[in-house]
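The residues making up each chain are set out below.
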Amino acid sequence: MYMAKVVGSVVSTVKDPSLIGRKLMIVQPINSDGQAVRHQEVAADAIGAGVGEYVLLVRGAGARQVHQGEARDVNDCAIIGIIDRFDR
């Protein structure tokens, strides 16, 4: 699990059936100081996050389990929580 900031959204009218009905967001991974690390990526939003919010992400098998019930899921990154604050 890691942290990111939602910086935008992606609209795709033609996509794999397992992504239909899912909001796709552009996220920028961050460190605990809120500084960008690595590159931006696209994540399927499981909780209704908005642009500008800090979120928790999972990748790989964890991201695919967020939307259980799908026979086949191509998702590799999912937003699973909204960060309220950073306590250090």
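Scroll up to find the structure.
Residues numbered from 1 in each chain as written. Predicted model: local features only at pLDDT ≥ 70, side-chain atom pairs only at ≥ 80, totals over all residues. Heavy atoms only, no water.

A. Here's a closer look at the overall build of the chain. Of regular secondary structure, the chain possesses one helix and five strands. Within the chain, the proportion of its 88 residues that are buried is 35%. Once local pairs closer than 6 in sequence are excluded, the contacts in the chain between residues at least 24 apart make up 55%. A total accessible area of about 5,300 Å² is found for the chain, and carbon and sulfur atoms account for 50% of it. (Helix = DSSP H or I, 4+ residues; strand = E, 2+ residues; numbered from the N terminus. Buried < 20%, exposed > 50% of the residue type's maximum accessible area, 1.4 Å probe, protein only. Contact = heavy atoms within 4.5 Å. Areas by Shrake-Rupley, 256 points an atom, 1.4 Å probe, with all protein chains shown as cover.)

B. Summary view of the side chain of glutamate 41. Structurally, the position occupied by glutamate 41 is in strand β3 (residues 41-45). In terms of polar contacts, glutamate 41 uses its side chain to reach the side chain of tyrosine 2, at 3.0 Å. There is a polar contact of 2.5 Å between the side chain of glutamate 41 and the side chain of arginine 59. Among residues more than four places away in sequence, those in contact with glutamate 41 are Tyr2, Met25, Ile26, Val27, Pro29, Arg59 and Cys77. (Polar contact = N/O pair within 3.5 Å; in protein donor to acceptor, adjacent residues only side chain to side chain.)

C. View of the sheet that holds strand β2 (residues 23-29). Spatially, β1-β2-β3-β5-β4 is the arrangement adopted by the five strands of the closed barrel, whose pairing is mixed. For this sheet the average axis-to-axis angle between neighbouring strands, irrespective of direction, equals 55°. (Pairing = 2+ DSSP bridges. Axes fitted to C-alpha atoms, helices over the stretch in contact; angles between N-to-C directions.)

D. Focus on the environment of isoleucine 82. Examined against the element boundaries, isoleucine 82 turns out to sit in strand β5 (residues 77-82). Looking at isoleucine 82, the relative accessible area reads 33%, which means it is partly exposed. For the pair formed by isoleucine 82 and leucine 56, sequence separation is 26 residues and the distance between their alpha carbons is 6.2 Å. If sequence neighbours within four positions are ignored, isoleucine 82 has contacts with Ile47, Ala49, Glu53, Tyr54 and Val55.

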